[in-house]
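Commentary on secondary and tertiary structure
For reference, the chains in residue letters:
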Amino acid sequence: MSGFCFALAAGWKKTASRGRVEVFIMRFFNQTKGVLTSIDEVIFELSSYINDAPERQYRIAVGSDGEGYNVIDFPVAITIHRVGQGGRFFITRVRRENINTMQQKIHTEAWLACEMGMLLKKRAAELECGDAILRHNIEIHIDVGEGGPTKSMIKEVVGMARGLGFDVFIKPESAAASNVADRFSAPFKSGHVKHDFPIRAELVVQL
């Protein structure tokens, strides 16, 4: 596989006054591979997993689930399900502040999942090894459902994700959010074990 697939995926912007470039680096955690240092490495792993058994069906999904209020480290999970045979996940954290209501939290969860889904599609289209991913629709999983206090948010957040071109699933079919990301929302939830995996880092580089 081409080494091009390991290029660093970084977002950046230059400030006119001081010639600075602000760079963020996404670091992901996988239980088998450990820490991956870019979305490109995630794409390589997803593609390799698909190409190991290309005859199988796959579902690729992104979801988020935050706990608490004010400053929240939202787990954002990218999952791949080999239908009928388990799957893998890759997870990062994104910190957001001033989250004071359930509505803000749900909207942020949905947007972070969409944002990651858009980045995943964009980078897969740019990388030689991304073709395997582009053959599948990327799903957005949102932690809302008809049976609880989040019911009133369904139309808004589902409409947002669908408007961006994603297939959207809510509870009880939102495993990437409600199961995978939820597991990493500790230490807020009783019975959860705190998982030490990386938060997305923001760096400022002087040019």
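Each remark here, short or long, concerns the structure printed above.
Let me sum up the structure you'll find in this document. Note that the coordinates shown come from a computational prediction; the quantities given were computed from them, not determined experimentally.

Quick look at the packing of aromatic side chains
Applying the stated criterion across every chain, the model contains two aromatic pairs. Ring geometry for Tyr49 and Tyr58: centres 6.0 Å apart, planes at 75°, overall edge-to-face. You'll find Tyr49 and Tyr58 in the same group, each marked buried. Arg59 extends its terminal NZ or CZ atom over the ring of Phe169, reaching a point 4.9 Å from the ring centre. We note Lys105 situated over the ring of Tyr69; from NZ or CZ to the ring centre the distance is 4.1 Å.

With respect to the nonpolar core
Phe28, Val62, Ile78 and Leu120 are the most contacted members of the largest nonpolar core, which has 45 residues in total. Counting residues per element, the ones that place at least two in this core are α1 (39–52), β5 (58–64), β6 (70–82), β7 (87–99), α2 (102–126), α3 (131–134), β8 (138–141) and α4 (154–163). It is α2 that provides the largest number of residues to this core, a total of eight residues. If sequence neighbours within four positions are ignored, Leu120 has contacts with Ile39, Ile43, Leu46, Ile60, Val62, Ile78 and Ile138. Counting residues in each nonpolar core, the second largest holds six residues, with Ile91, Val180, Ala181 and Phe184 among its members.

Rules used throughout
Throughout this description, residue numbers start from 1 for each chain and increase along the sequence as written. Where totals are concerned, whole chains, interfaces and linings use all residues; where local detail is concerned, this predicted model gives features only for residues with pLDDT of at least 70, and gives and counts side-chain atom pairs only at 80 or more. Hydrogens and water are ignored here; the side-chain numbers use all heavy atoms of the structure. Aromatic pairs are defined between Phe, Tyr and Trp rings, using the six-membered ring for Trp, whenever the two ring centres lie within 6.5 Å; interplanar angles under 30 degrees are classed as stacked, those over 60 as edge-to-face, and all others as tilted. When accessible area is computed with a 1.4 Å probe and restricted to protein chains, residues below 20% of their type maximum are described as buried, those above 50% as exposed, and intermediate ones as partly exposed. Geometrically, a lysine NZ or arginine CZ counts as sitting over a ring once it is within 6 Å of the ring centre and also within 35 degrees of the ring normal. For our purposes a nonpolar core is just a set of buried Ala, Val, Leu, Ile, Met, Phe, Trp, Tyr and Cys residues, chained together by side-chain atoms within 4.5 Å. Starting at the N terminus, helices and strands are each numbered in turn, a helix being any DSSP run of H or I of at least four residues and a strand any DSSP run of E of at least two. Residue contacts follow a heavy-atom distance rule, with two residues in contact if any of their heavy atoms lie within 4.5 Å.

That is the geometry; function is a separate question.
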